[in-house]
Amino acid sequence: MNRELRKVVIAGNWKMNKNRAEAKELVNAMKDKVANAKCDVVVCVPFTDLETVLSAAQGSNIKVGAQNCHFEKSGAFTGEISADMLTEMGVEYVVIGHSERRQYFGETDETVNKRVLAALAAGLKVILCVGEMLADRENGITAELVALQTKIALRGVTAEQLKNVIIAYEPVWAIGTGKTATAQQANEVNALIRATVAQLYCQDCADALTIQYGGSMNAKNAAELLAQPDVDGGLIGGASLKADDFAVIVDAASK
Ligand code: 13P
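S.K.: Is there a simple way to explain the sheet that holds strand β1 (residues 9-13) in this structure?
M.R.: Strands pair in a sheet through their backbones, by hydrogen bonds, and they do so in one of two ways: parallel or antiparallel. Strand order in this closed barrel of eight strands is β1-β2-β3-β4-β5-β6-β7-β8, and the pairing throughout is parallel. Averaged over all adjacent pairs, the angle separating strand axes in this sheet is 25 degrees, with direction ignored. When strand β4 (residues 93-96) meets strand β5 (residues 125-130), the two strands line up parallel, connected through four bridges. By the bridge assignment for β5, I96 is matched with L128. Strand contacts of helix α2 (residues 50-57): β2 (40-44) and β3 (62-66), with the helix running at about 170 degrees to β3, the strand carrying the most contacts. Relative to β5, helix α5 (residues 109-121) is tilted by about 165 degrees, and along the sheet it contacts β4, β5 and β6 (165-169).

Structure, rendered in structure tokens:
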């Protein structure tokens with residue numbers, strides 16, 4: 001991470017975990033442990049937990065995000081939630097394009113782009129996820145694929161709006177598998193994403209962009225990953241469900 005150029009952000013992605021009572025308990029347990037963080041701390045929780053977590057996090061440095069939003073403002077989109085619905089609640093962040101959305105719910109680079117644009121227009125900060133599958137890495141197309149995902153997802157995003165975007169590099173083969181990318185692999189792809197953004201916008205824009213790593217980041221490996229110059233934080237799944245582990249990662253990012 002390079003604190004002089006950009007913000008360091010540790011975000012928890014709770015995925016489909018925690019009911020309201022459990023969510024309240026977890027945030028309450030986290031609050032004191034991350035109170036002195038020298039990085040931004042975000043928890044991205046299920047829609048049904050948002051209200052509970054917003055209220056439990058009040059007065060703390062924990063910021064709240066959702067895990068998806070739709071690209072239309074309203075209408076006949078059963079099961080979807082609009083970006084405006086989130087901002088109206090006081091939600092600040094939203095994860096867009098997570099590989100689980102792409103794999104299991106038919107999200108494409110095009111719909112990810114539409115959701116990014118809608119979220120930014122509504123005033124949300126976007127955590128945009130990109131990353132290759134194992135077969136892509138084995139076929140040697142990680143660089144092209146991640147650059148392409150980045151370019152399509154950012155289509156139509158202005159340089160001004162880019163200030164509200166965080167990119168999370170999440171190699172799909174590292175998610176929930178316990179198989180972390182090596183610090184060098186993470187840094188290499190993060191640097192490539194930054195170079196892509198520099199090409200699309202400007203070098204200063206790219207230097208100011210927070211690029212996280214996600215995929216089996218945990219209390220043990222966080223320090224090494226975060227020591228890399230282009231790894232500006234983490235998007236944490238499993239380890240964000242335990243207050244102690246999450247706090248260790250926040251501490252590692254605060255060094
Ligand atoms: P894990 O940390 O459980 O591997 O999940 C990473 C992730 O998908 C965060 O969005």
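S.K.: Would you explain the packing of aromatic side chains in this entry?
M.R.: Pairs of aromatic rings are described using the distance from one ring centre to the other and the angle between the two planes. Enumeration over the complete set of coordinates arrives at two aromatic pairs. With a centroid separation of 6.4 Å and 85 degrees between ring planes, the pair formed by Y104 and F105 is classed as edge-to-face. The same class applies to Y104 and to F105, which are both exposed. Over the aromatic face of F71 sits the side chain of K114, whose NZ or CZ is 4.4 Å from the ring centroid.

S.K.: How should the state of the cysteines be read in this particular structure?
M.R.: A covalent bond between the sulfur atoms of two cysteines is referred to as a disulfide. Summed over all chains, the structure comprises one disulfide. The partner cysteine of C202 in its disulfide is C205, sulfur to sulfur 2.2 Å. Disulfide C202 to C205: torsion about the S-S bond roughly 90 degrees, handedness right-handed. When its relative accessible area of 30% is taken as the criterion, C202 is described as partly exposed. The thiol sulfur of C69 is not disulfide-bonded, and the nearest other cysteine sulfur, from C44, lies at 12 Å. C129 forms no disulfide, and the closest cysteine sulfur to it belongs to C44, at a distance of 8.9 Å.

S.K.: I tried to follow unusual backbone geometry on my own but got confused; where do I start?
M.R.: Note: most peptide bonds trans; most residues except glycine with negative phi. For K15, which is not glycine, the phi torsion reads 55 degrees and is therefore positive. Looking at the element boundaries, K15 is found in the loop between β1 and α1 (20-33). Although it is not a glycine, K18 sits at a positive phi angle of roughly 80 degrees. Among the structural elements, K18 can be located in the loop between β1 and α1. Taking relative accessible area as the criterion, K18 reaches 28% and is therefore assigned partly exposed.

S.K.: What is the right way to read the site of the ligand from this model?
M.R.: Close to the ligand lie N13, K15, H98, E170, A174, I175, G176, G215, S216, L235, G237 and G238, which account for all nearby residues. In this structure, K15 approaches the ligand through a side-chain N or O atom, which is 2.8 Å from an oxygen atom. One nitrogen or oxygen atom from the side chain of E170 is found 2.9 Å from an oxygen atom belonging to the ligand. The protein chains hide 95% of the 310 Å² of surface that the ligand would expose on its own. Grouping the constituent residues of the shell around the ligand by class yields three nonpolar, seven polar and two charged.

What counts as what
- Residues numbered from 1 in each chain as written.
- Predicted model: local features only at pLDDT ≥ 70, side-chain atom pairs only at ≥ 80, totals over all residues.
- Heavy atoms only, no water.
- Pairing = 2+ DSSP bridges.
- Helix = DSSP H or I, 4+ residues; strand = E, 2+ residues; numbered from the N terminus.
- Axes fitted to C-alpha atoms, helices over the stretch in contact; angles between N-to-C directions.
- Contact = heavy atoms within 4.5 Å.
- Phe/Tyr/Trp six-rings, centres within 6.5 Å; stacked < 30°, edge-to-face > 60°.
- Buried < 20%, exposed > 50% of the residue type's maximum accessible area, 1.4 Å probe, protein only.
- Lys NZ or Arg CZ within 6 Å of the ring centre and 35° of its normal.
- Disulfide = S-S within 2.5 Å.
- Near = heavy atom within 4 Å.
- Polar contact = N/O pair within 3.5 Å; in protein donor to acceptor, adjacent residues only side chain to side chain.
- Areas by Shrake-Rupley, 256 points an atom, 1.4 Å probe, with all protein chains shown as cover.
- Nonpolar A, V, L, I, M, F, W, Y, C, P; charged D, E, K, R; others polar.

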